[in-house]
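So the chains spell out like this:
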Amino acid sequence: EAGVVQSPRYKIIEKKQPVAFWCNPISGHNTLYWYLQNLGQGPELLIRYENEEAVDDSQLPKDRFSAERLKGVDSTLKIQPAELGDSAVYLCASSLDLGSSVSGELFFGEGSRLTVL
Amino acid sequence: RKEVEQDPGPFNVPEGATVAFNCTYSNSASQSFFWYRQDCRKEPKLLMSVYSSGNEDGRFTAQLNRASQYISLLIRDSKLSDSATYLCVVNRRSGGYQKVTFGTGTKLQVIP
């Protein structure tokens, strides 16, 4: 079975340029996460989707970041315009949550490494 | 104060040694706990869940202390392949959904 697929793996852009990342979760997984990870830090949640609904976007910098998950499957994360401080790894994860009190195991993609010059 | 805190390390230990990591969490409503492993420049992967009664998986033992709000991971007979960052993950209910919070990770380097 295919895992979580992300693209692009690497992206180098100049500041003020836009960038978009794409994520295809594991088939059947209803929950999708976008995390940001800086070097030496743990993943920090940007946004979480339950199916197509964004249920937690409190940490998403909405002035420049946007995300969507059309039809509750694939998702895109966009940054416009990018700033130097946005250089990081953007991780997508998915899980199967059945409404119980315990979240399912998170399966991560390989990440998209962004460098802003 | 961060919701989940870990000593970032690095912990440099010789092969065969026993090493233990702790992780503290601040929200007493936290319900479930996990350890994830992340190799250098790779994505995190689930290592093991942490149960109230403690659980063991081969050389790895996880413990939960709800009263003191910490979890631990013990690795016995360390192997070179255990070198990685170990992420503590805490799960609690928030606004009708599960909130999953990662610690900053503890880096382990096993030395020959």
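Quick caveat: nothing in here was measured; it's all calculated off a predicted structure. (Residues numbered from 1 in each chain as written. Chains lettered and ligands numbered in written order. Predicted model: local features only at pLDDT ≥ 70, side-chain atom pairs only at ≥ 80, totals over all residues. Heavy atoms only, no water.)

With 20 residues of chain B at the contact, the number on the chain A side is 23 residues. Contact between chain B and chain A buries roughly 1,800 Å² in total, counting both sides, with carbon and sulfur atoms accounting for 51%. Linking chain B to chain A there are one salt bridge. A salt bridge links Asp56 of chain A to Lys99 of chain B; its shortest N-O distance comes to 3.8 Å. Along the contact surface separating chain B from chain A lie four residue pairs in polar contact (both at pLDDT 80 or more). Every element with two or more residues in the side of chain B that touches chain A is listed here: strand 4 (32-38), strand 9 (84-94) and strand 10 (97-102) of chain B. In terms of residue count, strand 10 of chain B provides more of the side of chain B that touches chain A than any other element does, five residues in total. Here the residues of the side of chain B that touches chain A sort into eight nonpolar, seven polar and five charged. (Contact = heavy atoms within 4.5 Å. Buried area = accessible area lost by both parts, 1.4 Å probe. Salt bridge = Lys/Arg side-chain N within 4 Å of Asp/Glu carboxyl O. Polar contact = N/O pair within 3.5 Å; in protein donor to acceptor, adjacent residues only side chain to side chain. Helix = DSSP H or I, 4+ residues; strand = E, 2+ residues; numbered from the N terminus. Nonpolar A, V, L, I, M, F, W, Y, C, P; charged D, E, K, R; others polar.)

With that settled, the discussion passes to the pairing of strand 4 (residues 31-37) of chain A. Residue and element names in this part refer to chain A. A large share of strand 4 lies buried, amounting to seven of its seven residues. Residues of strand 4 alternate between two faces, with Thr31, Tyr33, Tyr35 and Gln37 on one and Leu32, Trp34 and Leu36 on the opposite face, all of them buried. Examined bridge by bridge, strand 4 and strand 5 (residues 44-50) share six bridges and lie antiparallel to one another. For Leu32, the partnering residue across the bridge sits in strand 5 and is Tyr49. A loop of six residues connects strand 4 with strand 5, the two strands running antiparallel in sequence, and Gly40 in this loop sits at a positive phi of about 80°. Inspection of the sheet shows strand 4 paired to strand 9 (residues 88-95) by seven bridges, in the antiparallel sense. Looking at strand 9, one finds that Gln37 is bridged to Val89. (Buried < 20%, exposed > 50% of the residue type's maximum accessible area, 1.4 Å probe, protein only. Pairing = 2+ DSSP bridges.)

Now for the confidence of the model for chain B. Averaged over every residue, the pLDDT of chain B is 93; residues scoring 70 or more account for 100%. Confidence scores differ between elements of chain B, with strand 10 of chain B showing the lowest mean pLDDT of 87 and strand 11 (residues 106-111) of chain B the highest of 97. (pLDDT = per-residue confidence, 0-100.)

With that out of the way, let us pick up the state of the cysteines. Using the criterion set out here, one finds two disulfides over all chains in the structure. Cys23 of chain A shares a disulfide with Cys92 of chain A; S-S distance 1.9 Å. Every disulfide takes its handedness from the sign of the S-S torsion; for Cys23 of chain A and Cys92 of chain A that torsion is -70°, giving left-handed. You can see Cys23 of chain A sitting in strand 3 (residues 19-24) and its partner Cys92 of chain A sitting in strand 9, a full 69 residues away along the chain. On the basis of relative accessible area, Cys23 of chain A is assigned to the buried category, the value being 0%. Residue classification places Cys92 of chain A among the buried positions, given a relative accessible area of 0%. Note on cysteine connectivity: Cys23 of chain B is disulfide-linked to Cys88 of chain B, with sulfurs 1.9 Å apart. (Disulfide = S-S within 2.5 Å.)

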